[in-house]
Amino acid sequence: MLKFPSLTTILSVAFICYIAHSIWVLAQIFTAPVCTREPCFRSFLLKEQLPKLQMAIFTSTTKDPIAAEIKEAATVKPFNFREQFTRTLDIEIPAKTRRNGTLYMHVVLAVDDGKPIIWNRRRDDLAVIHRVALTEHVVPRHTTFNLITDDGQKVPPVRPNQRPVSHLRTKVYFGILADNITLSQYDIPAEMSGLVRVTRHNEYLPVFQNDILKHRYDDLVEIVRGMESFPLEVTYSPVGIGKFRLIAHVSHAMMSLETLGFSKKDVDEVKGIFSDTNVYILCGTVFVGSIHMLFDFLAFKNDVNFWRKKRNYAGLSVRTVLWRGFSQVIILLHLLDEKTSMIVLIPVAVGTLIELWKCKKILRLEVSFKGIKVQQQSEMKVEKLTKDFDRQAMKYLSYLLYPLCIIGAIYSLLYQSHKSWYSWAINSMVNGVYAFGFLFMLPQLFINYKLKSVATLPWRSFMYKAFNTFINDIFAFIITMPTAHRLACFRDDVIFVIYLYQRWLYPVDKNRVDTSEHMDEYEEVTKDTTKDSVDKKKD
């Protein structure tokens, strides 16, 4: 009889097909448009006699300023659109901007006719003006101080509902479309339709674009009292058609995310995915990241199914489960304290709820409106033996783990800055979780070794998590991250390899219907081990 595939299989296949279609659409963005109808427009910059160009940079407090409020910041003469350059400009902050106002940078590109660019000439038919906002209104970051040496009196108090204030952008990236592309009015991509200006000679003028993929939230600096100027790093680079269209698509998507309620910091996390515009690396990153998300979902689903059907916990380390629940709560509190992106926060919150539910199951707690009630503990010999081995393993780990965590917390208190005592406590605990959390996977290894069995472990969920760990290794090479987090990825690999070795060393008996429910044979296998343990207690 033909077996109908499960709902999980159908949804997984549909998700993979959707990701494959998304990658195909992404690859099409890097395909240059071709002129299909007359007249065909050619680039003004790529005609036979290359024009001499000059560029000027101005600042103002409004989008469409008058000549009186314009201030010139720099001039690039001659300007070669094929050469990248970076300049650091000393920009004066007007009084209006200091009063929670705005500031704009205007880049003017014109033909070099021997005369300097004057703002009054901005109506020139061949002049192109590109505007960049140098200010953003965001909520100020929390101020940190040393809890021991500083009393905190000089630090401004943090208001819970502080309003967004004007911040200056210290780095600006922009470019000009430099590919030799010929197109008609019917072939102009939708994302470029409002940027193309055509002359009477059927030539389109230079097309500017901000590289928002490199604009980061961390580059914003709050305007404080007494601040009259700031250094602005301006970077120009020629842009290919693929990168140009990708930035336009991502810019539109970012606006949609902000409309849905995502903060600027949330949007900044998404932009990091597209920071590398190599089409192969980008498509590979999207594919691997999507598979990672799929495995996360499957791991959650199988983990919940395993623990929902579980009736006894022989062979499972109670302390490992409790540690995972505790560590997930600490990580969630740390992310909340740091006001981390919702993109990261939501999956961690879901994982925390699942881990706490598993703690409730393994402790046999009944939670109701009447209170918390502890169910009767199991009398199975193997389960009692598991608890003895679990307690023995944690005893050995405590000699190493607790002193290291205490030393790390004292060092952080003496030499690092924090927002508050609560922030220091959460930061110290989360550092212990990240640095030594893998040690709490060792008791389960110890129990597997003592019982000579891995039959009670949730192997399906475990394998999905193992695959995700190896995927994290790939991201460790292609994505910028702290060195400690990169080392943590490879550290977890060692633990998973040991688990896989134990899986090979202690094969599961396939003839048994359900290892977790039929424990008679399991107790016979461990009978000798139990006897040895009892004899040691008598001695």
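Above this note sits the structure.
Let me begin by describing the structure that accompanies this report. Residue positions are given per chain, counted from 1 along the sequence in the order it is written. The model is predicted, so local features are restricted to residues of pLDDT at least 70 and side-chain atom pairs to those at 80 or more, both for listing and for counting; the totals for chains, interfaces and linings are taken over all residues. Note that the side-chain values use all heavy atoms of the structure and ignore hydrogens as well as water.

So, about the overall build of the protein. Strands are runs of DSSP state E lasting at least two residues, helices are runs of H or I lasting at least four, and both sets are numbered from the N terminus onward. Across its full length, the protein carries 14 helices and 15 strands. Looking at the 539 residues of the protein, the share that counts as buried comes to 43%. Element-wise, carbon and sulfur atoms account for 59% of the exposed surface of the protein, whose accessible area totals about 31,200 Å². A simple rule labels every residue: compare its accessible area, found with a 1.4 Å probe on the protein chains alone, to the largest value its type can have, and call it buried under 20%, exposed over 50%, or partly exposed in between. For the accessible areas, the method is Shrake-Rupley and the probe is 1.4 Å, while residue cover comes only from the protein chains on display.

Here the focus is the state of the cysteines. Count a disulfide wherever a pair of cysteine sulfur atoms falls within 2.5 Å. Counted under the stated rule, the structure contains one disulfide. Here C35 connects covalently by a disulfide to C40, the sulfurs 2.0 Å from one another. Of note, the bridge from C35 to C40 carries an S-S torsion of about -80 degrees and is left-handed in sense.

It is worth spelling out the sheet that holds strand β11 (residues 208–210) at this point. Across the sheet, which stays open at both edges, the four strands sit in the order β4-β13-β9-β11 with mixed pairing between neighbours. Whereas interior strands pair on both sides, the edge strands pair on one side only; in this sheet they are β4 (85–92) and β11. Taking the axes of each pair of neighbouring strands and ignoring which way they run, one obtains an average angle of 30 degrees across the sheet. Sheet analysis places strand β9 (residues 171–176) next to strand β13 (residues 229–236), joined by four bridges and oriented parallel. The residue bridging F174 from the neighbouring strand is Y236, located in β13. DSSP bridges decide pairing: two strands pair if at least two such bridges lie between them. Note on method: axes are straight lines fitted to C-alpha atoms, helices fitted across the in-contact stretch only, with angles between N-to-C directions ranging 0 to 180 degrees.

With that settled, the discussion passes to the environment of V198. Among the secondary structure elements, V198 is positioned in the loop between β9 and β10 (203–204). Separated by 154 residues in sequence, V198 and F44 place their C-alpha atoms 9.0 Å apart. In this view, V198 contacts F41, E203 and Y204; residues no more than four positions away in its chain are not counted. The criterion used for residue contact is that any of the two residues' heavy atoms lie within 4.5 Å.

Moving on to the environment of S60. Relative to the helices and strands, S60 is located in strand β2 (residues 53–60). Note on S60: relative accessible area 2%, which makes it buried. Taking C-alpha positions, S60 is 9.2 Å from E72, a pair spaced twelve residues apart along the chain. Here S60 is in contact with P65, E69, I70, L103, Y104 and H106, once residues within four sequence places are set aside.

Moving on: helix α1 (residues 7–29). The terminal C-alpha atoms of α1 lie 33 Å apart, and with 23 residues this matches the ideal 33 Å at 1.5 Å per residue to within 8%. For α1, every residue scored as buried is listed here: S12, I19, I23, L26 and I29. A helix is expected to reach a length of 1.5 Å times the quantity of its residues less one.

Right, let's talk about helix α10 (residues 442–451) for a bit. Counting buried positions along α10 yields seven of ten residues, so the element is predominantly enclosed. Burial in α10 covers these residues: P443, Q444, L445, F446, I447, N448 and L451. In the segment just after α10, K452 is the residue with positive phi, at about 55 degrees.

Salt bridges are defined by distance alone: a side-chain nitrogen of Lys or Arg within 4 Å of a carboxyl oxygen of Asp or Glu. Counted under the stated rule, the structure contains six salt bridges. The closest approach of N and O atoms between K71 and E92, which form a salt bridge, is 3.3 Å. In this pair, K71 is assigned in strand β3 (residues 71–76) and E92 in strand β4, connecting sequence segments 21 residues apart. The class of K71 is partly exposed, set by a relative accessible area of 40%.

Here we take up unusual backbone geometry. In the segment running from E38 into P39, the intervening peptide bond is cis, with an omega of 0 degrees. Mapped onto the secondary structure, P39 falls in the loop between α1 and β1 (42–43). Here K77 and P78 are connected by a cis peptide whose omega angle stands at -5 degrees. Looking at the secondary structure, you find P78 in the loop between β3 and β4. In this structure, N100 takes a positive phi of about 60 degrees despite not being glycine. Following the sequence through the fold, N100 ends up in the loop between α2 (95–98) and β5 (104–111). Despite not being glycine, N202 has its phi angle at roughly 60 degrees, a positive value. With respect to the helices and strands, N202 occurs in the loop between β9 and β10. A residue is classified by how much of its surface remains accessible, and N202, at 31% relative accessible area, is partly exposed.

Take L505: it is sitting in helix α12 (residues 483–505). On the basis of relative accessibility, which here comes to 36%, the residue L505 falls in the partly exposed class. C-alpha separation for the pair L505 and Y449, spaced 56 residues apart in sequence, amounts to 9.7 Å.

Right, let's talk about the side chain of T199 for a bit. Following the sequence through the fold, T199 ends up in the loop between β9 and β10. Owing to a relative accessible area of 15%, T199 belongs among the buried residues under this scheme. Look past the residues within four positions of T199 in its chain and what remains in contact with it is L126 and L205.

On to the packing of aromatic side chains, then. Between rings of Phe, Tyr and Trp, where Trp is taken as its six-membered ring, a pair exists when centres lie within 6.5 Å; planes separated by under 30 degrees are stacked, by over 60 edge-to-face, and by other angles tilted. Under the counting rule described, the total for this entry stands at six aromatic pairs. Following the ring pairs from residue to residue traces out a cluster consisting of F79, F85, F174, F208 and Y236. Lysine NZ or arginine CZ positioned within 6 Å of the ring centre and within 35 degrees of the ring normal marks a charge as sitting over the ring. Taking NZ or CZ as reference, R37 lies 4.3 Å from the ring centre of Y186, over its face. The ring of Y449 has K452 sitting right over it, with the charged end atom 4.4 Å from the ring centre.

The next thing to look at is a positive patch on the surface. Note on patches: the residues involved have over 30% relative accessible area and no salt bridge, like charges join within 9 Å, and the nonpolar side chains Val, Leu, Ile, Met, Phe, Trp and Tyr join within 5 Å. We score Asp and Glu as negative and Lys and Arg as positive, and we do not count His or the chain ends. To locate a charge, take NZ of a lysine, CZ of an arginine, CG of an aspartate or CD of a glutamate. On the surface, K301, R308, K309, R311 and R460 cluster together into a patch of positive charge. Tracing the backbone shows R311 in the loop between α5 (279–309) and α6 (318–337).

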